[in-house]
Protein chains: 2
Amino acid sequence: MLDGLMQRTPLQIIGILNHAAVAHGEREIVSRLVDEPIWRYTYAEMSRRVAQAAHMLRELGVRPGSRVSSLAWNTHRHLELFYATPGIGSVLHTANPRLSDDQIVYTITHAGSEVLFFDKTFSSMVARIRPRLSGVRTFVALSEKWNLEANLTVASSYEELLTRQKSSYEWPVFDENAAAFLCYTSGTTGHPKGVLYSHRSVVLHSLAAGLAGALGFSAFDCIMPCQSLYHATAWGLPFVAPINGCKLVLPCEKMDGASLHELITTEGVTFSGGVPTIWTTYLAYLEQCGGNTASLKQLVIGGSAVPRAMAETFLRKYGVEVRQIWGMTETSPLGVIATPTPKLAAKGENLTEETIWTKQGRLQFGIELRVVDEERRDVPRDGKTPGTLLVRGPWTIERYFGDDKSAVDAAGWFDTGDIATLDDDGFMRITDRQKDVIKSGGEWISSIDLENIAVACPGVRIAAVIGAYHPKWEERPILVVEPHPECAVTADQVREFLEPRIVRWWSPDAIIIATIPLTATGKIDKKSLRDKYKGYLINTRKYGAHSEPK
Amino acid sequence: MLDGLMQRTPLQIIGILNHAAVAHGEREIVSRLVDEPIWRYTYAEMSRRVAQAAHMLRELGVRPGSRVSSLAWNTHRHLELFYATPGIGSVLHTANPRLSDDQIVYTITHAGSEVLFFDKTFSSMVARIRPRLSGVRTFVALSEKWNLEANLTVASSYEELLTRQKSSYEWPVFDENAAAFLCYTSGTTGHPKGVLYSHRSVVLHSLAAGLAGALGFSAFDCIMPCQSLYHATAWGLPFVAPINGCKLVLPCEKMDGASLHELITTEGVTFSGGVPTIWTTYLAYLEQCGGNTASLKQLVIGGSAVPRAMAETFLRKYGVEVRQIWGMTETSPLGVIATPTPKLAAKGENLTEETIWTKQGRLQFGIELRVVDEERRDVPRDGKTPGTLLVRGPWTIERYFGDDKSAVDAAGWFDTGDIATLDDDGFMRITDRQKDVIKSGGEWISSIDLENIAVACPGVRIAAVIGAYHPKWEERPILVVEPHPECAVTADQVREFLEPRIVRWWSPDAIIIATIPLTATGKIDKKSLRDKYKGYLINTRKYGAHSEPK
Ligand SMILES: Nc1ncnc2c1ncn2[C@@H]1O[C@H](COP(=O)(O)OP(=O)(O)OP(=O)(O)O)[C@@H](O)[C@H]1O
Ligand SMILES: Nc1ncnc2c1ncn2[C@@H]1O[C@H](COP(=O)(O)OP(=O)(O)OP(=O)(O)O)[C@@H](O)[C@H]1O
Ligand SMILES: [Mg+2]
Ligand SMILES: [Mg+2]
């Protein structure tokens, strides 16, 4: 081989902010805060505060390679840590504050963090778990000093620590494979697992995610991430936005309809995204208030399957394009995204919408994808045959943090644990998680498909399908339905809606009206539903085919 | 430091085609050819032929690290070599067929190539220089066998060599810093210098060039590169297009107005680009025929300064947006590109257009830029103070091929040899090349500015300003003007047009109507103009200030 003779500049995350500060220095970042007025500054100003934050971290004894945890919402201070921490070569672990105390203690301890930054919201939680966080030396409240409560005197104030620092920093140059962020999976199927992103993986992911077939941001966009900063680093938005010179609007924890609507209309938000539950809530708010979505053009939604009905309403009534995205913490998270192609367009508008709204998305540069059967042979690319989804590429995990064995096979393929189909147009559809698949008499029933149909039933807010033990068929689907507040939906109504829309043997053996538990990232908590309802058909002896419970 | 735990998949160029083949397999590549009908196939089919080409290269004894040269136009066969050669770990040297025999022999010899692929157009040239290419073992005509001429029996036919090969290839995985392409600079200021691109530099450049602030291609675009494939790898278009799923249209050598127009209208071209001379010609064609530009939306033009008048006419009369780009072979070549920003937009349409049409472009992610004075201190970012332009980044050169010393300073900055200003909106303007700058009585006169004004004079096709010796002022500008064919422009008319538009001391001491020589990449050949006219003022004794020659 012959070596190329180009510069080997390492891809470093701080380079993204440095770029924004000189190329889009005047572009704004607007942030809601906990118990403080809205904050507003520019990339140029942010870059100076990030330098101060870096000095602060060094002063707190944070060294290259060591970990720092955050328990924080989507705010500019949290964002500053996104640049300052990797900037000095340390690793930011963005803990998920919606986990249980036990899980939070578990992840911060597993991360081995020395410093914990937390929003005021979490002061009592921090006070509670503090004795169990023996590795954490320093607690810093992401707040002004005047805003600290008396019981927080144990902690310093971020602002106070910051002010005395210099506003420029000689950013060290180091290997782009160095760790930058530690994010834990949602814990939907078990213990949360740690994914250790590198500078390289983050920068490459940000470049690819900016392309037109993915997020397609331009300098004229105003981005409001409703993806949590702690969840797979908000799907890369904190990086894709500054690379492309976009304005950033950070909603703190205020993800209710009215609060989002206020920011969208006053700040001129063109693009947002997040998990489906947030946008179901926002849509309900819009329907109730009769408002319009102003400048909003696009929502990228994923984390769980996007109900077609929601995407359709957003477009038809509000002119907002919903793009479904599939990804995992393990894929940084961009996997596929449902953007149109000329091939689809040639098939007409109906088919385009059908595809865009019912499939998770299409192949993207930088992430290879295979759907395989049990012998790891590729299944036909017919959009029908399901199989195990494998992925590979420069922003896919190689191994979990703390594991000594690789998470990928010899050829580098990572098993996602998802079941999917792939079609000839390059679109992938998730039919289930491996663990959620319902095996009825040897045949598979897709819980996601059933849920998507059920959620289109008027009055239904969330629908969850799980497999319950059945003496004859091994497993049969049962459907749990949570109505919109103040809607009284009955099991009969839901069944009536379902029957003409599904094949007969998919018909749930029970339909239950109940509140559906969500996980820390807003997904349906099927583990706990299964714990509760797994024996339902046997206990209630309601296991005649298509029998109707209570 | 702590290592990240993501996959370290090397960025390899063949990955781009592999992606296009599975994600956009049916998207077309359409190619004109020399003496053959138009060729039309898909990325999926191309990928199979590229595999065949790889087997062919191995059969010809091409090994990893060794070089292969091409003397070829923009055709699908040339494009196949763009993937097959780096795919097997070898290096494609794209020789510039518009250079002189001597220079072509020099570059192929300097490259150390073992195989030469050439288009039929060059058969007699190849026959001529063959005895001087002692290192080249094998000559392959990029043609069908039936299309080979008798005098070419010394060479094999590409198609014949291809057909017997297998249409799949086990692409080797190797270090992304391996060399992929060898491109020589245009030789505008001296001997052409070799730039050795790596897989990494090409892939990173392609990702960044795809972003909205740069080329912004979407899957719906149809791209026709009129940038030569041999010139800085056609500005990355052969890679940016497949990454984004674009249709590709290759015009072979037919860059005349009528031929381009035919492809644009019949193939639905949305995007093209190249050096200004091509688009001056195309505009003249349009003006003459009164045609419209059909689907064409955007032209990215660079390599030399883009006359404002051309950009303005393209927009006002044809609705085509001209985006100026500045770059060098040494920068892969994306440096800056003149796309709008909200900051500009806020200043109003006039100022936006003024900026977009008179500056080379704005800062892009991945290429850092400094404008410095003689002591290497940054000059003010006021859009006025000129200085030497330095660049740095992962697709900027580190050293020239065959050189043992680095081309960059200790901090990694590469001196472009261009003089530029930078403004507060992040826009850069090239005022001159260091070697072209005219120093009149210690003050600098920008040859590019003068040329831009002169070329707006009705009837003027190209304008070139050079410095001529002057006994009192050291140098004074003289202007050489080439009129449009069949336009009779006089020096007096040009002077009359100029005078009210420039400061008095910039007024050229002589205006000469003559044919302007162009270099091998279509730039004004100032070296030869200087050879011819350097002594003009002294010889003609026309050196009274603002005197009028002839
Ligand atoms: N658009 C989508 N449609 C359906 N499922 C999705 C979609 N996007 C993401 N998912 C699901 O979310 C998973 C990734 O989520 P995440 O990384 O947040 O953790 P998790 O898998 O929910 O939790 P854990 O791995 O700890 O069990 C995917 O594997 C997939 O099952
Ligand atoms: N938009 C532009 N406006 C003005 N000049 C440009 C523009 N784009 C490119 N250039 C000029 O072209 C140069 C790069 O051209 P290229 O790499 O093809 O070789 P060259 O510099 O012309 O030749 P050589 O380096 O061999 O003398 C830049 O350094 C700059 O001088
Ligand atoms: Mg998971
Ligand atoms: Mg040059």
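Computed from a predicted structure; not experimentally measured.

K.L.:
Explain helix α15 (residues 447–454) of chain B residue by residue, including any values.
P.N.:
Of all eight residues in α15 of chain B, six are buried, a share of seventy percent or more. Every buried residue of α15 of chain B is listed here: S447, I448, D449, L450, E451 and A454 of chain B.

K.L.:
Would you mind going over the domain arrangement of chain A in detail, with residue names and values included?
P.N.:
Interfaces are often sized by the amount of accessible area the parts lose when they come together. All names here are of chain A. Here chain A is partitioned into domain 1 (13–208 + 232–247) and domain 2 (436–539). Computed from C-alpha atoms alone, the centre-to-centre distance between domain 1 and domain 2 is 39 Å. Each side of the interface is counted separately: domain 1 has eight residues, and domain 2 has six residues. Around 530 Å² of area is buried between domain 1 and domain 2 when both sides are counted, 51% of it from carbon and sulfur atoms. Our enumeration of links across domain 1 and domain 2 arrives at zero salt bridges. Counting across the domain 1 and domain 2 interface gives one residue pair in polar contact (both at pLDDT 80 or more).

K.L.:
Requested: an account of the site of ligand 2, with residues and values cited.
P.N.:
All names here are of chain B. Surveying the vicinity of ligand 2 reveals 22 residues, the closest of which are T185, S186, T188, T189 and K523. One nitrogen or oxygen atom from the side chain of K193 is found 3.3 Å from an oxygen atom belonging to ligand 2. Between ligand 2 and R433 there is a distance of 2.7 Å, counted from an oxygen atom to a side-chain nitrogen or oxygen. In isolation ligand 2 offers 620 Å² of accessible surface; the protein chains occlude 97% of this area. Counting residues per element, the shell around ligand 2 draws most heavily on strand β14 (residues 321–327), at four residues.

K.L.:
Quick one: what's the story with the packing of helix α10 (residues 257–267) of chain B against helix α11 (residues 276–289) of chain B, residue by residue and with numbers?
P.N.:
Residue and element names in this part refer to chain B. Interhelical geometry of α10 versus α11 gives an angle of 80 degrees and a closest axis separation of 9 Å. The angle between the axes of α10 and α11 places the two elements in the roughly perpendicular class. Across the interface between the two elements, G257, A258, L260, H261 and I264 from α10 touch I278, W279, T281, Y282, Y285 and L286 from α11. Per-class residue counts for the contact of α10 with α11 are eight nonpolar, three polar and no charged.

K.L.:
Give a description of the side chain of S113 of chain A that names residues and reports values.
P.N.:
All names here are of chain A. Mapped onto the secondary structure, S113 falls in strand β5 (residues 113–118). In this structure the side chain of S113 is engaged in a polar contact, spanning 2.6 Å, whose partner is the side chain of S69. With sequence-adjacent residues up to four places away left out, S113 is seen in contact with R67, V68, S69, H93, I108, G135 and V136.

K.L.:
Summarise the UniProt feature "domain: AMP-binding enzyme C-terminal" (unreviewed entry) in chain A; cite the residues concerned and give the values.
P.N.:
Per the UniProt record, "domain: AMP-binding enzyme C-terminal" (unreviewed entry) is found at residues 450–523 of chain A. Its end C-alpha atoms 16 Å apart, residues 450–523 of chain A is made of 18% helix and 34% strand.

K.L.:
Describe the packing of helix α7 (residues 199–209) of chain A against helix α7 (residues 199–209) of chain B, naming the residues involved and giving the relevant values.
P.N.:
Direction vectors running N to C along α7 of chain A and α7 of chain B enclose 45 degrees, while the axes themselves pass 8 Å from each other. Looking at the two axes, α7 of chain A sits oblique to α7 of chain B. Considering the relative orientation of α7 of chain A and α7 of chain B, their crossing is left-handed. Every residue of α7 of chain B that contacts α7 of chain A at R200, L204, L207 and A208 of chain A is listed here: R200, L204, L207 and A208 of chain B. Partitioning the contact of α7 of chain A with α7 of chain B into residue classes produces six nonpolar, no polar and two charged.

K.L.:
Give me the lowdown on the relation of the copies chain A and chain B, citing residues and values where you can.
P.N.:
At an RMSD of 0.0 Å, chain A and chain B line up after a rotation of 180 degrees and a shift of 0.0 Å along the axis. Taken together, these values place the two copies in the relation of a two-fold axis. The position closest to the rotation axis in chain A is occupied by the C-alpha of L211 of chain A, lying 2.7 Å away. Interface overlap between copies: 100% of the residues of chain A at the interface are likewise at the interface in chain B, consistent with a symmetric, same-surface contact.

K.L.:
So, the interface of chain A and chain B: which residues are in play, and what are the values?
P.N.:
Each side of the interface is counted separately: chain A has 74 residues, and chain B has 74 residues. Counting each side, the surface lost to burial between chain A and chain B is near 5,600 Å², with a carbon and sulfur contribution of 68%. When residues of chain A are sorted by the area they lose upon contact with chain B, M6, Q7 and F365 of chain A head the list and together hold 16% of the total. Summed over the shared surface of chain A and chain B, the result is two salt bridges. The closest approach of N and O atoms between R200 of chain B and E176 of chain A, which form a salt bridge, is 2.7 Å.

K.L.:
Explain the sheet that holds β5 of chain A to me, using residue names and the numbers behind them.
P.N.:
All names here are of chain A. Taking strand neighbours across the sheet as the criterion, the seven strands line up as β7-β6-β5-β3-β4-β8-β9 in an open arrangement whose pairing is mixed. Both outer strands of the open sheet, β7 (156–157) and β9 (194–198), are each paired with one neighbouring strand and no more. Its contacts with the sheet place α7 against β8 (179–184) and β9, and it is angled at close to 75 degrees to β9.

K.L.:
Can you explain the side chain of D525 of chain B? Please cite residues and give values.
P.N.:
Residue and element names in this part refer to chain B. The topology assignment puts D525 in the loop between β25 (510–513) and α17 (526–533). Nearest to the buried, unbridged D525 among oppositely charged side chains is K527, at 5.6 Å. Filtering out sequence-adjacent residues up to four positions away, D525 remains in contact with P517, L518 and T519.

K.L.:
Describe the site of ligand 1, with residues and values.
P.N.:
Residues and elements named next belong to chain A. Around ligand 1, the surrounding shell holds 22 residues, and the nearest of these are T185, S186, T188, T189 and K523. T185 is positioned with one of its side-chain polar atoms (N or O) 2.6 Å from an oxygen atom of ligand 1. Between ligand 1 and R433, the relevant distance is 2.6 Å, taken from an oxygen atom to a side-chain nitrogen or oxygen of the residue. Considering ligand 1 on its own, with 630 Å² of exposed area, one finds that the protein chains cover 97% of that surface. At four residues, strand β14 (residues 321–327) tops the list of elements feeding residues into the shell around ligand 1. Its residues assigned to classes, the shell around ligand 1 shows four nonpolar, 13 polar and five charged.

About the cut-offs
- Sequence positions are assigned chain by chain, starting from 1 and proceeding in written order.
- Numbering of ligands from 1 and lettering of chains from A proceed in the order in which they are written.
- Where local features are concerned, this predicted model is filtered to residues with pLDDT of at least 70; where side-chain atom pairs are given and counted, the filter is 80 or more; whole-chain, interface and lining totals use all residues.
- Think of the side-chain values as coming from all heavy atoms in the structure, minus any hydrogens and water.
- Relative accessibility decides the category of a residue: with a 1.4 Å probe and only protein chains considered, values under 20% of the type maximum give buried, values over 50% give exposed, and everything between is partly exposed.
- A run of H or I in DSSP counts as a helix once it spans at least four residues, and a run of E counts as a strand once it spans at least two, with each numbered from the N terminus.
- What marks off one domain from the next here is an automatic or database domain assignment.
- Whether two residues touch is decided by their heavy atoms; if any such pair falls within 4.5 Å, the residues are in contact.
- Accessible-area loss on putting two parts together, using a 1.4 Å probe and summing over both, is the definition of buried area adopted here.
- Counted as salt bridges are all cases of a side-chain nitrogen of Lys or Arg within 4 Å of a carboxyl oxygen of Asp or Glu.
- For this analysis, a polar contact is any N or O atom pair within 3.5 Å, provided that within protein one partner can donate a hydrogen and the other can accept it, and provided that sequence-adjacent residues contribute only side-chain to side-chain pairs.
- Near is defined per residue: the residue qualifies when any heavy atom it owns lies within 4 Å of the molecule or strand.
- Accessible surface area values rest on a Shrake-Rupley calculation with a 1.4 Å probe, where residue burial reflects the displayed protein chains alone.
- Every axis in this analysis is a line fitted to C-alpha atoms, fitted for helices over the stretch in contact. Angles between the N-to-C directions lie between 0 and 180 degrees.
- In what follows, roughly perpendicular refers to angles from 65 to 115 degrees, roughly parallel to angles under 35, roughly antiparallel to angles over 145, and oblique to any angle outside these ranges.
- All residues other than Ala, Val, Leu, Ile, Met, Phe, Trp, Tyr, Cys, Pro, Asp, Glu, Lys and Arg, Gly among them, are scored as polar; the first ten of these are nonpolar and the last four charged.
- UniProt positions are given in the numbering used here, feature names are shortened, and annotations may be inferred rather than shown by experiment.
- Less than a right angle of anticlockwise turn of the near helix away from the far helix marks a crossing as left-handed, whereas a clockwise turn marks it as right-handed.
- Each copy is superposed on the other by least squares, with the fit set by C-alpha atoms of residues at a pLDDT of at least 70 in both.
- Note: two strands are recorded as paired if DSSP finds a minimum of 2 bridges between them.
- We treat Lys and Arg as the positive residues and Asp and Glu as the negative residues; His and chain ends play no part in the count.

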